[in-house]
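Report on the structure
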Amino acid sequence: MSIKENLLKITTSLPPHVTLIAVTKTQPIEKLMVIYQAGHKIFGENKVQELVDKYEQLPKDIEWHLIGHLQTNKVKFIAPFVTLIHSVDSLKLLEEIDKQAEKNNRVINCLLQIYIADEDTKFGLSYAEAEELMHSKALSGLKNIKITGLMGMATNTGQKEQIANEFRSLKQFYDKTRSISAFNFELNNLSMGMSSDYTLAIENGSTMVRVGSSIFGERS
Ligand SMILES: *Cc1c(COP(=O)(O)O)cnc(C)c1O
(Lines give C-alpha, C1' and ligand atoms only; values in the text may rest on other atoms or scores of the structure.)
Protein backbone atom coordinates (compact mmCIF):
# COMPACT_ATOMS: atom_id res chain seq x y z
CA MET A 1 0.00 0.00 0.00
CA SER A 2 1.06 3.58 -0.55
CA ILE A 3 1.95 5.98 2.26
CA LYS A 4 -1.33 7.79 1.70
CA GLU A 5 -3.32 4.54 1.88
CA ASN A 6 -1.51 3.50 5.05
CA LEU A 7 -2.29 6.87 6.61
CA LEU A 8 -5.96 6.69 5.67
CA LYS A 9 -6.31 3.16 6.95
CA ILE A 10 -4.96 4.22 10.33
CA THR A 11 -6.80 7.53 10.65
CA THR A 12 -10.15 5.96 9.76
CA SER A 13 -9.64 3.19 12.32
CA LEU A 14 -8.83 5.49 15.26
CA PRO A 15 -11.55 6.40 17.76
CA PRO A 16 -12.33 10.13 17.67
CA HIS A 17 -10.64 10.84 21.02
CA VAL A 18 -7.28 9.51 19.79
CA THR A 19 -4.76 11.81 18.06
CA LEU A 20 -2.29 10.40 15.56
CA ILE A 21 1.28 11.68 15.71
CA ALA A 22 2.92 10.69 12.42
CA VAL A 23 6.49 9.76 13.35
CA THR A 24 8.62 11.14 10.54
CA LYS A 25 12.12 10.44 11.88
CA THR A 26 14.65 9.42 9.19
CA GLN A 27 12.04 9.99 6.45
CA PRO A 28 12.85 12.37 3.60
CA ILE A 29 10.93 15.64 3.10
CA GLU A 30 9.10 14.26 0.01
CA LYS A 31 7.44 11.59 2.14
CA LEU A 32 6.45 14.11 4.79
CA MET A 33 4.87 16.18 2.04
CA VAL A 34 2.80 13.18 0.91
CA ILE A 35 0.99 12.99 4.23
CA TYR A 36 0.87 16.76 4.56
CA GLN A 37 -0.91 16.96 1.22
CA ALA A 38 -3.27 14.23 2.36
CA GLY A 39 -4.23 16.58 5.20
CA HIS A 40 -2.15 15.26 8.09
CA LYS A 41 -0.35 18.01 9.99
CA ILE A 42 0.87 16.53 13.27
CA PHE A 43 4.43 15.24 13.04
CA GLY A 44 6.74 13.71 15.63
CA GLU A 45 10.54 13.56 15.54
CA ASN A 46 12.93 12.07 18.07
CA LYS A 47 16.03 14.20 17.42
CA VAL A 48 16.35 17.96 17.88
CA GLN A 49 18.56 18.65 14.84
CA GLU A 50 16.30 16.73 12.48
CA LEU A 51 13.21 18.36 13.96
CA VAL A 52 14.65 21.85 13.40
CA ASP A 53 15.84 21.05 9.85
CA LYS A 54 12.43 19.72 8.84
CA TYR A 55 10.56 22.55 10.56
CA GLU A 56 12.58 25.03 8.50
CA GLN A 57 11.85 23.28 5.21
CA LEU A 58 8.16 22.52 5.60
CA PRO A 59 4.92 24.56 5.71
CA LYS A 60 4.38 26.46 8.93
CA ASP A 61 0.95 25.04 9.79
CA ILE A 62 2.48 21.72 10.86
CA GLU A 63 2.42 20.86 14.59
CA TRP A 64 5.81 19.51 15.63
CA HIS A 65 6.11 17.12 18.57
CA LEU A 66 9.40 16.05 20.11
CA ILE A 67 9.04 12.41 21.13
CA GLY A 68 12.67 11.44 21.84
CA HIS A 69 15.09 12.15 24.65
CA LEU A 70 15.87 15.84 25.07
CA GLN A 71 19.12 17.23 26.44
CA THR A 72 18.88 20.52 28.35
CA ASN A 73 21.44 22.25 26.10
CA LYS A 74 19.23 21.64 23.04
CA VAL A 75 15.95 22.99 24.39
CA LYS A 76 16.68 26.46 22.99
CA PHE A 77 16.59 25.20 19.40
CA ILE A 78 13.01 23.93 19.57
CA ALA A 79 11.53 26.37 22.08
CA PRO A 80 10.37 28.88 19.45
CA PHE A 81 8.02 26.48 17.69
CA VAL A 82 7.56 23.03 19.28
CA THR A 83 3.90 22.14 20.02
CA LEU A 84 4.38 19.35 22.54
CA ILE A 85 7.39 17.69 24.18
CA HIS A 86 6.50 14.08 25.03
CA SER A 87 9.77 13.19 26.73
CA VAL A 88 10.20 15.29 29.87
CA ASP A 89 12.01 13.16 32.42
CA SER A 90 13.49 15.56 34.99
CA LEU A 91 12.81 18.76 36.88
CA LYS A 92 16.06 20.19 35.54
CA LEU A 93 14.82 19.72 31.97
CA LEU A 94 11.44 21.22 32.83
CA GLU A 95 13.15 24.28 34.32
CA GLU A 96 15.17 24.77 31.15
CA ILE A 97 12.06 24.41 28.96
CA ASP A 98 10.35 27.01 31.16
CA LYS A 99 13.30 29.39 30.81
CA GLN A 100 13.48 29.05 27.01
CA ALA A 101 9.70 29.28 26.65
CA GLU A 102 9.74 32.53 28.60
CA LYS A 103 12.39 33.94 26.25
CA ASN A 104 10.02 33.16 23.39
CA ASN A 105 6.95 34.54 25.19
CA ARG A 106 5.26 31.18 25.06
CA VAL A 107 3.91 28.42 27.23
CA ILE A 108 5.24 25.03 26.10
CA ASN A 109 3.06 22.00 26.69
CA CYS A 110 4.90 18.96 28.04
CA LEU A 111 4.20 15.33 28.87
CA LEU A 112 6.06 13.53 31.62
CA GLN A 113 7.66 10.40 30.23
CA ILE A 114 7.11 7.49 32.57
CA TYR A 115 9.29 4.43 32.55
CA ILE A 116 6.95 1.46 32.13
CA ALA A 117 9.06 -1.04 30.18
CA ASP A 118 10.90 -3.99 31.57
CA GLU A 119 14.11 -2.87 29.81
CA ASP A 120 16.93 -0.58 30.77
CA THR A 121 17.31 1.15 27.43
CA LYS A 122 14.41 3.55 27.77
CA PHE A 123 14.33 6.97 29.41
CA GLY A 124 11.70 8.13 31.82
CA LEU A 125 10.62 8.71 35.41
CA SER A 126 9.49 5.98 37.75
CA TYR A 127 5.97 6.38 39.15
CA ALA A 128 7.47 7.48 42.47
CA GLU A 129 9.74 10.05 40.82
CA ALA A 130 6.86 11.40 38.75
CA GLU A 131 4.68 11.83 41.83
CA GLU A 132 7.46 13.59 43.66
CA LEU A 133 7.88 15.98 40.71
CA MET A 134 4.13 16.57 40.47
CA HIS A 135 4.00 17.64 44.11
CA SER A 136 7.22 19.63 44.15
CA LYS A 137 7.36 23.27 45.14
CA ALA A 138 9.73 23.93 42.23
CA LEU A 139 7.13 22.82 39.68
CA SER A 140 4.49 25.13 41.07
CA GLY A 141 6.68 28.15 40.25
CA LEU A 142 7.09 27.40 36.54
CA LYS A 143 4.91 29.79 34.53
CA ASN A 144 5.94 29.03 30.96
CA ILE A 145 5.37 25.30 30.87
CA LYS A 146 2.21 23.28 31.23
CA ILE A 147 2.14 19.57 31.96
CA THR A 148 -0.72 18.26 29.87
CA GLY A 149 -0.24 14.52 30.12
CA LEU A 150 1.93 11.44 30.38
CA MET A 151 3.87 9.34 27.88
CA GLY A 152 5.11 5.78 28.07
CA MET A 153 6.74 3.15 25.88
CA ALA A 154 6.01 -0.51 26.48
CA THR A 155 8.59 -3.28 26.39
CA ASN A 156 9.60 -4.33 22.89
CA THR A 157 8.25 -7.87 23.12
CA GLY A 158 5.80 -10.15 21.38
CA GLN A 159 4.10 -10.81 24.72
CA LYS A 160 0.81 -8.98 24.29
CA GLU A 161 -0.28 -9.55 27.87
CA GLN A 162 2.89 -7.91 29.20
CA ILE A 163 2.45 -4.90 26.91
CA ALA A 164 -1.21 -4.57 27.90
CA ASN A 165 -0.26 -4.72 31.59
CA GLU A 166 2.29 -1.96 31.15
CA PHE A 167 -0.22 0.27 29.37
CA ARG A 168 -2.89 -0.53 31.95
CA SER A 169 -0.63 0.43 34.84
CA LEU A 170 0.21 3.76 33.20
CA LYS A 171 -3.50 4.41 32.59
CA GLN A 172 -4.18 3.78 36.28
CA PHE A 173 -1.44 6.18 37.28
CA TYR A 174 -2.83 8.75 34.81
CA ASP A 175 -6.34 8.43 36.23
CA LYS A 176 -5.01 8.82 39.76
CA THR A 177 -2.82 11.85 39.04
CA ARG A 178 -5.43 13.61 36.90
CA SER A 179 -7.03 14.78 40.14
CA ILE A 180 -4.04 17.06 40.72
CA SER A 181 -4.77 20.42 39.22
CA ALA A 182 -2.79 23.65 39.02
CA PHE A 183 -2.44 26.49 36.52
CA ASN A 184 0.47 24.61 34.92
CA PHE A 185 -0.76 21.06 35.45
CA GLU A 186 -3.81 19.56 33.78
CA LEU A 187 -3.59 16.03 32.42
CA ASN A 188 -5.59 15.45 29.24
CA ASN A 189 -3.23 13.39 27.10
CA LEU A 190 -1.98 9.87 27.50
CA SER A 191 0.64 9.24 24.80
CA MET A 192 1.17 5.53 24.37
CA GLY A 193 1.36 3.16 21.45
CA MET A 194 3.49 2.88 18.31
CA SER A 195 3.18 0.82 15.11
CA SER A 196 3.48 -2.54 16.81
CA ASP A 197 1.20 -1.87 19.77
CA TYR A 198 -1.08 1.12 19.18
CA THR A 199 -4.30 -0.91 19.07
CA LEU A 200 -3.44 -2.44 22.45
CA ALA A 201 -2.58 1.03 23.74
CA ILE A 202 -5.94 2.42 22.63
CA GLU A 203 -7.77 -0.50 24.25
CA ASN A 204 -5.95 0.45 27.43
CA GLY A 205 -6.69 4.16 27.45
CA SER A 206 -4.28 5.89 25.06
CA THR A 207 -5.35 9.26 23.64
CA MET A 208 -2.25 9.83 21.46
CA VAL A 209 -0.49 7.27 19.32
CA ARG A 210 2.96 7.79 17.79
CA VAL A 211 3.11 5.81 14.56
CA GLY A 212 5.97 5.74 12.04
CA SER A 213 6.67 2.51 10.19
CA SER A 214 3.02 1.55 9.72
CA ILE A 215 2.65 4.75 7.68
CA PHE A 216 6.01 5.07 5.92
CA GLY A 217 7.24 1.46 5.88
CA GLU A 218 10.28 0.14 7.71
CA ARG A 219 13.00 2.72 8.34
CA SER A 220 16.24 1.99 6.50
C1 LIG B 1 10.30 5.83 16.49
C2 LIG B 1 9.37 6.12 17.60
C3 LIG B 1 8.01 5.80 17.48
C4 LIG B 1 7.39 5.16 16.26
O5 LIG B 1 7.87 3.90 16.02
P6 LIG B 1 7.21 2.97 14.87
O7 LIG B 1 7.50 1.60 15.34
O8 LIG B 1 7.92 3.32 13.62
O9 LIG B 1 5.78 3.29 14.81
C10 LIG B 1 7.18 6.12 18.55
N11 LIG B 1 7.65 6.69 19.66
C12 LIG B 1 8.95 7.02 19.81
C13 LIG B 1 9.40 7.67 21.07
C14 LIG B 1 9.86 6.75 18.78
O15 LIG B 1 11.15 7.08 18.92
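Refer to the structure above for everything that follows.
Since the model is a prediction, treat every value here as computed from it, not as a measurement.

**Here we look at helix α3 (residues 48-57)**
Listed in full, the buried residues belonging to α3 are Val48, Glu50, Leu51, Val52 and Lys54. On the buried face of α3, the contacting elements are α2 (29-37), β2 (42-45), β3 (63-66) and α4 (75-78).

**Topic: the site of the ligand**
Around the ligand lies a shell formed by Val23, Lys25, Ile67, Met153, Met194, Ser195, Arg210, Val211, Gly212, Ser213 and Arg219. Within the contact set of the ligand, an oxygen atom lies 2.7 Å away from a side-chain nitrogen or oxygen of Lys25. With the chains in place, 92% of the 390 Å² that the ligand exposes on its own is no longer accessible. Of the residues contributing to the shell around the ligand, the split by class is five nonpolar, three polar and three charged.

**Description of the nonpolar core**
Where a protein is soluble and globular, its nonpolar side chains tend to be buried together. Residues Ile78, Ile97, Leu150 and Ile215 are the most contacted members of the largest nonpolar core, which totals 63 residues. The leading source of residues in this core is helix α8 (residues 160-177), at six residues. Beyond its immediate stretch of four places on either side in the chain, Ile97 contacts Leu70, Val75, Ile85, Val88, Ile108, Cys110 and Ile145. In this structure, Ile21, Ile42, Leu111 and Met208 belong to the second largest nonpolar core, which totals six residues.

Cut-offs and rules
Residues numbered from 1 in each chain as written. Predicted model: local features only at pLDDT ≥ 70, side-chain atom pairs only at ≥ 80, totals over all residues. Heavy atoms only, no water. Buried < 20%, exposed > 50% of the residue type's maximum accessible area, 1.4 Å probe, protein only. Helix = DSSP H or I, 4+ residues; strand = E, 2+ residues; numbered from the N terminus. Contact = heavy atoms within 4.5 Å. Near = heavy atom within 4 Å. Polar contact = N/O pair within 3.5 Å; in protein donor to acceptor, adjacent residues only side chain to side chain. Areas by Shrake-Rupley, 256 points an atom, 1.4 Å probe, with all protein chains shown as cover. Nonpolar A, V, L, I, M, F, W, Y, C, P; charged D, E, K, R; others polar. Core = buried A, V, L, I, M, F, W, Y, C linked by side-chain atoms within 4.5 Å.

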